[in-house]
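Per-entry structural report
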2 protein chains.
Amino acid sequence: MTKLEHFLAYRSEMTKEEQEEFFYNIPLEEMIEEWRKLEDDEALHLFADLPYDLKIDLLLELPYQDQETILSNISQQNKKQLFHLMEPDDIVDIIQTVSKEVRDSVWVNLSSEAKREMIFLLRFDEDDAAGLMTPRYLAVQGDITVGQAVQFIRANADKVEYVFNIYVIDKLKRFLGTIPMKDLLSAPDDTIINSIMESKSIFVYDDTDQEDVARTIETNDLAAVPVVDHDHILIGIVTFDDVIDVIREEQTEDVYKMGAMSGTSTSYMDTNILGLVKKRVPWLVILLFFGTISANVLHHYESMMIGAAFLIIFMPVITQTGGNAGSQSSTLMIRGLATGEIQFKSIGRIFSRECVVGLIMGILTGLVIILRSIFLPPGVGIHEGVVIGISLMLVVIISNLIGILAPLLINKMGFDPTVMSTPLMATVIDICGYAIYFETARLLLNL
Amino acid sequence: MTKLEHFLAYRSEMTKEEQEEFFYNIPLEEMIEEWRKLEDDEALHLFADLPYDLKIDLLLELPYQDQETILSNISQQNKKQLFHLMEPDDIVDIIQTVSKEVRDSVWVNLSSEAKREMIFLLRFDEDDAAGLMTPRYLAVQGDITVGQAVQFIRANADKVEYVFNIYVIDKLKRFLGTIPMKDLLSAPDDTIINSIMESKSIFVYDDTDQEDVARTIETNDLAAVPVVDHDHILIGIVTFDDVIDVIREEQTEDVYKMGAMSGTSTSYMDTNILGLVKKRVPWLVILLFFGTISANVLHHYESMMIGAAFLIIFMPVITQTGGNAGSQSSTLMIRGLATGEIQFKSIGRIFSRECVVGLIMGILTGLVIILRSIFLPPGVGIHEGVVIGISLMLVVIISNLIGILAPLLINKMGFDPTVMSTPLMATVIDICGYAIYFETARLLLNL
């Protein structure tokens, strides 16, 4: 029995305080985990019993379809209270994903101030800095003292989500600089704000792409970054928590690309059948088309195959192993290029390293398949086994190098190696693999 | 010419102030990007000119081998100053990665307080919460007033890295709760600290795995999480910036696993040849061994193949396309399971959706290969083309379902589907693929 099921069974015997105490003692990660296992009506019952701050924390972490279910089932009064307590950037996220009916019902329950903030925020593209930002931050002018600034913050801290930094602006609200709370609080009261502003003021523009915003926050270890428009007016801040979500989305997109799908991170359950087909068929057909080139190569060796049928039955495992070696090395390159650790200028050093790595892997896999093919059914003669082993070794060495070079060259030409390498590399490896395999056999067996 | 190259060309004409101004105006991301393109001696020259805060920011973001080069080339005096200004958790990270010589030279330049902190921090596993934490945080006892706490913070803020929260402890330094800076600053001066402590106090243990720490910070949108030992004594805090690094590492590990390599995130350039071979050979051999099962299946159809050679030349593209469809669907499942969006209980719904998706993909790819095989060389007859098309359709439908079921079942059995699905699924798809292909041909062509 999970904790939440336990609660559902005993809730009638608990006081309101005991219920709250119970909920506060479940880590949010665990609650979300258990939540997914509940039936819809159980979930709605539980949601009604949660304290408001937990309602919000939970709602924001649930998948879209659960948000939709909850929001279309709770009372207007509850909805009003919920959205009153929620941060504007979070409300925007919800409004942008739920159905039109739920969106309308959320809208009528917003305060007029929240509506104004929404209208402002909804102008921006959700994948840009402005689409992530909250319009609530603390800013002062540069000519006041630290003492005055601290007083200002203490009077206004409850209006913002986090107090990490204070921003300095001029009379026209143009952004001048940032003061981390740490520097502000450790300065004496009579210090002029201007004098403790950071010498390097980092900001992003409203239309900066969200992945670049993430990179800025990450590289500079910022808890929040200010967002300015093109007149340099401070319009909001993006906080680290939204950036973590962006990094997770990016992660999903990369994984999808590696699985040969077009990379949007919409969740599987929220994508309809047509959406899934659209995401998958283009790559499947492109790969199929490239793949059929192998038919032409094999056609060339048809008579040889018929003469030595053992070649056919070991053919798939040879090219597959080559493909695996190639996909290992291309993965290493793609990841290294993505993290910036690998540069095109190192191509010589990488190539020579990989010649050695490939040789070792080739010899080892070659030995394994010689033993396997001779001693296990369908057994072949020692002669044939050695031919298979030598071909495999050569295929692994060459495939490994193709796996290294393809992403580096594709990247050098300015394309995204995550998307482009897979089909091209697989086809090239297949063609080379068949050619090496049959030519080695021809040479060694005098076919 | 990059900005840094520009600097190297004109540095002698600039005053110290102009140089600093110049550096502060380059975003750190850009500087790192350009840094990688410099030769070692240029990089060392530039490093000498950087202001200390930028030296630290840059050093921490560079790959290990660059850290090593810089640290083994700068003067003792510089090193002393650098490590004096660096946060203890960052020093630990550097100490754990550089060579013994550099480590020793860093050590002699640490202050005795820093050495004490290092000795404390180095006791912990670097993959645990305590391995990420900084021992510098602000804590007060619960019976003082907000006014006293604010005074305490203002006197001590310069000793910590960030001022996000203040922690409440008892006389034995046991952790009692957290007060976000926002709540502290917005409370009146005479409020007792205890009364504004968060009702839900989130913390992690010193030996909590770093990925769980990341999950806690992420789910609860925390800028920092307190770390306690098993006597509940507060020993440090982990901040969001370290957690972002953990999420990136996790990302690399996942990508490696999908590329059939054992998943450690050590950077490519820092791994030696033996390390690379160890990372790659085990999977390569396992996959090879599984893969040879296909030889047994093909052996079964040997006489049929020799009788109808067109079957051989289209065989690879059929199983490859099946493999691609399967890897698409298993990627969707693996990712969905990882993010928690997909649960085993939904297996029925997913299965029926994927029957439809698979059917559509099967029909489309089947049509493409019929047209391709009839009209492009090596051309086959209409009869043969249709046989190939129908087999491909069936193979795609079945492979797609295998791709869905394998990760769900492996996950249900308690294994990690990222690692386990690939080899198993590929082998099962291959075997099924060959069987379907040849059985369809036998049936339709009366072979």
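Placed above this text is the structure.
An account of the accompanying structure is given in this report. (Residues numbered from 1 in each chain as written. Chains lettered and ligands numbered in written order. Predicted model: local features only at pLDDT ≥ 70, side-chain atom pairs only at ≥ 80, totals over all residues. Heavy atoms only, no water.)

Okay, the overall build of chain A next. Each helix and strand in chain A was counted, giving 22 helices and six strands. What you see for chain A is a C-alpha radius of gyration of 30 Å, clearly larger than the 22 Å of a compact globule of 447 residues, by over 25%. Per-residue burial for chain A yields a buried fraction of 55% across its 447 residues. Taking contacts inside chain A between residues at least 6 apart in sequence as the whole, the part at least 24 apart equals 64%. Working note: accessible area of chain A is about 18,300 Å², and carbon and sulfur atoms make up 57% of it. Across chain A, 34 positive and 64 negative side-chain charges occur, with their mean positions spaced 4 Å apart. (Helix = DSSP H or I, 4+ residues; strand = E, 2+ residues; numbered from the N terminus. Rg over C-alpha atoms; globule rule 2.2 N^0.38 Å. Buried < 20%, exposed > 50% of the residue type's maximum accessible area, 1.4 Å probe, protein only. Contact = heavy atoms within 4.5 Å. Areas by Shrake-Rupley, 256 points an atom, 1.4 Å probe, with all protein chains shown as cover. Lys, Arg positive; Asp, Glu negative; His and termini not counted. Charge placed at Lys NZ, Arg CZ, Asp CG, Glu CD.)

Residue and element names in this part refer to chain A. Most of strand S6 (residues 234–239) is tucked away: six of the six residues are buried. Summarising the sheet, strand S5 (residues 224–228) and S6 pair through five bridges and their orientation is antiparallel. Paired with Pro226 across the bridge in S6 is Ile237. The hairpin turn running from S5 into S6, its antiparallel successor, is five residues long, and His232 in that turn takes a positive phi close to 70 degrees. (Pairing = 2+ DSSP bridges.)

Glancing now at helix H8 (residues 88–97) of chain B. Residues three or four positions apart in an α-helix share a direction because the helix packs 3.6 residues into each turn. In terms of residue burial, H8 of chain B counts as a mostly covered element, since seven of its 10 residues are buried. Buried within H8 of chain B we find Pro88, Asp89, Asp90, Ile91, Val92, Ile94 and Ile95 of chain B.

Taken as a whole and judged by the stated rule, the model has 22 salt bridges over all chains. A salt bridge links Arg215 of chain A to Glu250 of chain A, with the shortest nitrogen-to-oxygen separation between them at 3.5 Å. Taken together, the residues span a long stretch of sequence, with Arg215 of chain A in helix H14 (residues 210–219) and Glu250 of chain A in helix H15 (residues 240–258) at a distance of 35 residues. Close ionic contact of Asp170 of chain B with Arg174 of chain B constitutes a salt bridge, the shortest N to O distance being 2.9 Å. The class for Arg174 of chain B is partly exposed, based on a relative accessible area of 36%. (Salt bridge = Lys/Arg side-chain N within 4 Å of Asp/Glu carboxyl O.)

Residues and elements named next belong to chain B. If you trace the three strands from one edge of the open sheet to the other, you get S1-S2-S3, paired in mixed fashion. The sheet is open, and its two edges are formed by strand S1 (139–141) and strand S3 (175–180), each paired on a single side. With strand direction ignored, the average angle separating the axes of adjacent strands in the sheet is 35 degrees. Where S1 and strand S2 (residues 165–169) come together, three bridges link them in parallel fashion. Note that in S2 the partner of Ala139 across the bridge is Tyr167. (Axes fitted to C-alpha atoms, helices over the stretch in contact; angles between N-to-C directions.)

All names here are of chain B. Counting through the fold element by element, Leu62 comes out in the loop between helix H5 (52–61) and helix H6 (64–71). The spacing of Leu62 and Arg36 is 26 residues in sequence and 8.7 Å in space, taken between C-alpha atoms. When near neighbours in sequence (up to four residues on either side) are disregarded, Leu62 contacts Trp35, Gln67 and Ile70.

What follows deals with the interface of chain B and chain A. Taken together, the contact between chain B and chain A spans 130 residues of the former and 130 residues of the latter. Interface area, chain B with chain A, both sides summed: about 12,000 Å², of which 63% is carbon and sulfur. The largest per-residue losses of area from chain B upon contact with chain A belong to Arg154, Tyr268 and Arg280 of chain B, which jointly make up 7% of the total buried on that side. For the pair chain B and chain A, the interface holds eight salt bridges. Between Asp189 of chain B and Arg154 of chain A there is a salt bridge; the shortest N-O distance is 2.8 Å. Counting every contact that joins chain B to chain A gives 34 residue pairs in polar contact (both at pLDDT 80 or more). In terms of residue count, the dominant contributor to the side of chain B that touches chain A is helix H19 (residues 310–339) of chain B (18 residues). Of the residues belonging to the side of chain B that touches chain A, the class tally is 73 nonpolar, 28 polar and 29 charged. (Buried area = accessible area lost by both parts, 1.4 Å probe. Polar contact = N/O pair within 3.5 Å; in protein donor to acceptor, adjacent residues only side chain to side chain. Nonpolar A, V, L, I, M, F, W, Y, C, P; charged D, E, K, R; others polar.)

With that out of the way, let us pick up the nonpolar core. Membership of the largest hydrophobic core comes to 138 residues, with the highest contact counts inside it found for Trp35 of chain A together with Trp35 and Leu71 of chain B. One finds Met269 and Leu332 of chain A together with Met261 and Leu284 of chain B within the second-largest nonpolar core, a separate group that totals 92 residues. (Core = buried A, V, L, I, M, F, W, Y, C linked by side-chain atoms within 4.5 Å.)

On to the relation of the copies chain B and chain A, then. The operation linking the two copies of the chain is a rotation about an axis combined with a translation along the axis. Mapping chain B onto chain A calls for a rotation angle of 180 degrees and an axial translation of 0.1 Å; the resulting RMSD is 0.2 Å. Considering both components of the superposition, the chain copies are consistent with a two-fold axis. Looking at chain B, 100% of its interface residues are interface residues in chain A too, so the copies touch through the same face. (Least-squares fit on C-alpha atoms with pLDDT ≥ 70 in both.)

Let us look at the sheet that holds strand S6 (residues 234–239) of chain B. All names here are of chain B. The strand order across the open sheet built from three strands is S4-S5-S6, with neighbouring strands paired in mixed fashion. With partners counted over all chains shown, the strands left at the sheet margins are strand S4 (204–205) and S6, one partner each. Pairing of S4 with strand S5 (residues 224–228), which is carried by two bridges, proceeds in the parallel orientation. Looking across to S5, one finds that Tyr205 is bridged to Val228.

Throughout the structure, instances matching the rule amount to 30 aromatic pairs over all chains. Judged by centre distance (4.7 Å) and plane angle (65 degrees), the ring pair of Phe164 of chain A and Phe164 of chain B falls under edge-to-face. Of this pair, Phe164 of chain A sits in the loop between helix H12 (146–156) and strand S2 (165–169) while Phe164 of chain B sits in the loop between helix H12 (146–156) and S2, placing the two residues on different chains. According to the relative accessible area criterion, Phe164 of chain B is buried, its value standing at 7%. An aromatic cluster of at least three residues, connected via ring pairs, comprises Tyr162, Phe164 and Phe240 of chain A together with Tyr162, Phe164 and Phe240 of chain B. The aromatic ring of Phe47 of chain A is capped on one face by Lys55 of chain A, whose charged end is 5.6 Å from the ring centroid. Over the ring of Tyr52 of chain A we find Lys55 of chain A, and its NZ or CZ is 4.5 Å from the ring centre. (Phe/Tyr/Trp six-rings, centres within 6.5 Å; stacked < 30°, edge-to-face > 60°. Lys NZ or Arg CZ within 6 Å of the ring centre and 35° of its normal.)

Looking now at unusual backbone geometry. Its identity is not glycine, yet Asp221 of chain A carries a phi of approximately 50 degrees, on the positive side. Relative to the assigned elements, Asp221 of chain A resides in the loop between H14 and S5. Since its relative accessible area comes to 24%, Asp221 of chain A is described here as partly exposed. A positive phi is found at His232 of chain B, a non-glycine position, where the angle reads about 70 degrees. By the secondary structure assignment, His232 of chain B is in the loop between S5 and S6.

Here we come to the side chain of Asn400 of chain A. Mapped onto the secondary structure, Asn400 of chain A falls in helix H21 (residues 382–412). The buried category is assigned to Asn400 of chain A, whose relative accessible area is 0%. There is a polar contact of 3.0 Å between the side chain of Asn400 of chain A and the side chain of Glu354 of chain A. Once residues lying within four places of it in the same chain are set aside, the contact partners of Asn400 of chain A are Ala325, Ser329, Glu354, Gly358 and Met361 of chain A together with Arg280 of chain B.

Residues and elements named next belong to chain B. The interhelical angle for the contact between H8 and helix H10 (residues 112–121), taken along N-to-C directions, is 65 degrees, at an axis separation of 10 Å. Judged by the inter-axis angle, H8 sits roughly perpendicular to H10. Crossing of H8 over H10 shows right-handed handedness. Residue-level contacts link Pro88, Asp89, Ile91, Val92 and Ile95 of H8 to Glu117, Met118 and Leu121 of H10. For the contact of H8 with H10, the class distribution of residues is six nonpolar, no polar and two charged. (Parallel < 35°, antiparallel > 145°, perpendicular 65-115°, else oblique. Left-handed = near helix turned anticlockwise from the far one by under 90°.)

Once that is clear, we can look at a nonpolar patch on the surface. Residues and elements named next belong to chain A. A cluster of nonpolar side chains, contributed by Ile382, Val386, Ile390, Leu394, Leu443 and Leu444, occupies part of the molecular surface with about 520 Å² of accessible area. Mapped onto the nonpolar patch, the elements with two or more residues apiece are H21 and helix H22 (417–445). A total of four residues in the nonpolar patch trace back to one element, the largest contributor, which is H21. Relative to the helices and strands, Leu443 resides in helix H22. The exposed category is assigned to Leu443, whose relative accessible area is 69%. (Patch = residues over 30% accessible without salt bridge, like charges linked within 9 Å, V, L, I, M, F, W, Y side chains within 5 Å.)

All names here are of chain A. Scanning the model with the defined rule gives zero disulfides over all chains in all. Unpaired in terms of disulfides, Cys355 finds its nearest cysteine sulfur in Cys432, a separation of 15 Å. In this structure Cys355 comes out as partly exposed when scored by relative accessible area, which is 29%. (Disulfide = S-S within 2.5 Å.)

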